[in-house]
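# Report on the structure
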Amino acid sequence: MLAIDNTNIINLGRGNGLPGFIPKIAYVYDSGAKTVTITDTTTYQAGDAKKKLVVKVHDKFGKSVSGTDAAAINVATLNLSKPLDITATLITNKDLVADGGAYDIAAAGDLSKYDRQYR
Amino acid sequence: MNFFTVQASVFFLAVIAPAFQDIIPNDFPYKGTLSEFTIMDNVVSKRNIINIRRVQNILQRRDASCDYIYKKVFGADTRFITTDEIYGATKFCRNEFYQGDLKDWRANDPLFGDKILPFFQGAVSIDVASNSYFGDIERVQSPTAQWSTGVFDGIFKKYEKYIAAGVIPAGQTIAIANGTDYTTNATAAYTLLLSMYNKMPVMMRSFQKSQLAFYVSEEIKSGYEDYLSSIQQTAGNTTILENGQTALTFKGVPVLSEPIWTPIITELKGAVGYAAVLTVRGNFVFATDKDYGEGEDGKTALEVWYERKESQWYYRLFLKAGTEIALPEYSIVAMSDWD
């Protein structure tokens with residue numbers, strides 16, 4: 001008997017073992033101006049850099065707006081009566097991809113729980 | 001509490017696979033050209049694509065020795081297909097999937113599953129289709145977007161990559177000019193198909209015509225149909241175009257329309273746009289993992305339950321998806337310019 005059945009992952013060439021690629025994405029939520037600003041301080045592998053950071057801000061009522069870290073994301077169209085959620089997809093020039101999120105956001109903080117992979 | 005759950009392998013058979021079948025069941029909510037995709041249902045994360053190129057040029061002259069030269073077949077470079085984990089989760093408040101579903105659900109009536117599955121079949125297959133063609137995880141979608149195009153990478157993103165990398169030579173690409181209107185200019189549709197046909201690389205001409213296909217926006221197909229009608233009228237040829245004929249060929253190559261292309265391109269572009277691809281049938285590959293699920297047993301692909309605390313229906317589904325083109329070099333791509 002196998003302690004861990006790994007038959008399904010023998011072709012697993014990707015996953016969370018990407019040394020040197022440490023995503024770190026911070027947000028600031030300005031409830032007065034109704035904007036979310038994203039800052040990318042990710043550590044990239046040598047010779048790699050950010051290609052695109054796609055951010056989605058979701059409210060608790062099924063609506064969301066998309067943006068990037070290039071400009072503040074206007075969330076005025078969302079329902080702000082309950083805390084917002086943020087998800088982000090970070091793509092590098094070498095096609096490493098990291099998906100992360102921050103749920104029930106406060107005024108400022110970091111995204112976490114990154115799923116890193118290459119393609 | 002009651003749960004309605006569907007195991008991953010059943011979910012694949014009931015929801016994913018039918019969308020890709022040649023003969024889509026009559027009551028299936030989505031009908032398009034997804035059946036033209038080659039489906040790989042065992043891609044846990046990454047797998048080689050089996051090359052569909054014909055094997056040829058393997059015979060050699062024998063000499064008197066016992067040495068043999070083994071020739072490598074299936075091309076020098078292999079392509080991979082990868083899948084991304086994706087999920088869908090929604091909730092309904094004071095809303096029923098159908099009248100009386102709460103009663104059926106509480107009574108564990110098998111009707112419940114039969115009646116709500118089409119709901120998910122429709123939602124999942126439309127999203128899978130829109131992403132399979134137009135998906136781009138780098139896309140920043142407009143808040144008013146009606147179509148899902150940012151969840152996993154689709155065929156047209158791969159085409160852009162292969163065109164940029166020179167795998168598809170510039171001579172096999174056509175830019176459809178802004179303002180082209182195939183509904184009013186039927187000849188333009190014919191001209192487009194003809195120039196695509198003429199741009200076929202010489203190796204592609206060794207295929208039977210029935211092994212190739214044009215995948216086009218609906219307007220290009222109907223424009224070509226109008227063109228055929230107009231030729232028939234002016235030249236007085238025997239009419240072979242019967243009323244209501246839906247199967248069109250161009251010089252023996254089937255012309256297949258994908259009705260969702262134009263609406264999605266129009267949304268992405270902000271103006272009307274079209275696309276057409278001439279390629280080998282089965283060239284588009286869609287990958288998923290029929291054993292992937294989450295939940296308590298790690299195998300659940302679809303869960304539906306009713307939450308009394310909030311009077312809400314919840315549903316959650318998990319799947320893996322990815323696309324690739326097996327032989328991009330055997331493609332002629334005509335596209336409008338969209339983001």
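What this report covers is the structure whose coordinates are included nearby. For every chain, the first residue of the written sequence is number 1, and numbering continues from 1 onward in sequence order. Whichever chain is written first becomes A and whichever ligand is written first becomes 1, with later ones labelled in order. In view of the model being predicted, local features appear only for residues whose pLDDT reaches at least 70, and side-chain atom pairs are presented and counted only at 80 or more, with totals across whole chains, interfaces and linings using the full set of residues.

### What about the sheet that holds strand S8 (residues 248–250) of chain B?
All names here are of chain B.
- Pairing is mixed across the open sheet formed by six strands, whose spatial order is S6-S14-S10-S7-S9-S8. With one partner strand each, in any of the chains shown, strand S6 (173–175) and S8 form the two edges of the open sheet. Each strand axis lies, on average, 20 degrees off the axis of its neighbour in the sheet, ignoring direction.
- DSSP bridges decide pairing: two strands pair if at least two such bridges lie between them. Runs of H or I in DSSP of at least four residues are treated as helices and runs of E of at least two as strands, each being numbered from the N terminus. As paired strands, strand S7 (residues 212–217) and strand S9 (residues 253–258) are joined by four bridges and run parallel to one another. Directly across from Val-216, in S9, lies its bridge partner Ser-257.
- Distance between backbone-placed C-beta atoms decides contact: two residues are in contact if it is within 7 Å. Whenever a helix is involved, its axis is fitted only over the stretch in contact; in every case the axis is a line through C-alpha atoms, and angles between N-to-C directions fall within 0 to 180 degrees. Contacts from helix H5 (residues 186–198) reach S6, S7, S8, strand S10 (275–280) and strand S14 (331–335), with the element oriented near 35 degrees to S10.

### With respect to the environment of Ser-132 of chain B
Residues and elements named next belong to chain B.
- One can find Ser-132 in helix H3 (residues 111–134).
- Distance from Ser-132 to Glu-324, taken between C-alpha atoms, is 9.1 Å for residues 192 residues apart in sequence.
- For Ser-132, the contacting residues outside a window of four places in its chain are Leu-34, Phe-37, Gly-154, Ile-155, Phe-286 and Thr-323.

### Notes on unusual backbone geometry
All names here are of chain B.
- Positioned with a positive phi, Asn-108 is a non-glycine residue whose angle comes to about 55 degrees.
- With respect to the secondary-structure elements, Asn-108 resides in the loop between helix H2 (101–106) and H3.
- On the neighbour-count criterion, Asn-108 (9 C-beta atoms within 10 Å) is exposed.
- One non-glycine residue, Lys-251, adopts positive backbone phi at about 50 degrees.
- Along the chain, the position of Lys-251 falls in the loop between S8 and S9. Counting other C-beta atoms within 10 Å of a residue's C-beta gives its exposure: the residue is buried at 20 or more, exposed at 12 or fewer, and partly exposed in between, where C-beta atoms are placed from the backbone.

### Points about helix H4 (residues 155–164) of chain B
Residue and element names in this part refer to chain B.
- What H4 keeps buried is the set Ile-155, Phe-156, Lys-157 and Tyr-159.
- In this fold, the buried residues of H4 make contact with H3, strand S11 (284–287), strand S13 (312–325) and S14.
- In the stretch just after H4, Gly-166 is the one whose phi turns positive, near 85 degrees.

### Description of the packing of helix H1 (residues 8–19) of chain B against H3 of chain B
All names here are of chain B.
- Following both chains from N to C, one finds H1 and H3 inclined at 40 degrees, their axes separated by 9 Å at the closest point. On the basis of their axis angle, the class for H1 and H3 is oblique. In the packing of H1 onto H3, the handedness of the crossing is right-handed. On the side of H1, the interface is formed by Ala-14, Val-15, Pro-18 and Ala-19, while H3 contributes Leu-117, Phe-120, Gln-121, Val-124, Ser-125 and Val-128. Angles below 35 degrees are treated as roughly parallel, those above 145 as roughly antiparallel, those between 65 and 115 as roughly perpendicular, and all remaining angles as oblique. Each crossing gets its handedness from the near helix: less than a right angle anticlockwise from the far helix is left-handed, clockwise is right-handed.

### Re the pairing of strand S4 (residues 64–68) of chain A
All names here are of chain A.
- Residues Val-65 and Gly-67 line the buried face of S4, whereas the alternating positions Ser-64, Ser-66 and Thr-68 sit on a face that is not buried.
- Here five bridges tie strand S3 (residues 50–58) to S4, and the two strands are oriented antiparallel to one another. The partner of His-58 across the bridge, within S4, is Ser-64.

### Topic: the environment of Leu-248 of chain B
Residue and element names in this part refer to chain B.
- In this fold, Leu-248 is placed in strand S8.
- Overall, Leu-248 belongs to the partly exposed group, with 19 C-beta atoms counted inside 10 Å.
- C-alpha of Leu-248 to C-alpha of Tyr-159: the two residues are 89 residues apart in sequence and 25 Å apart in space.
- Contacts of Leu-248, omitting those with residues within four sequence positions, involve Lys-221, Tyr-224, Glu-225 and Val-255.

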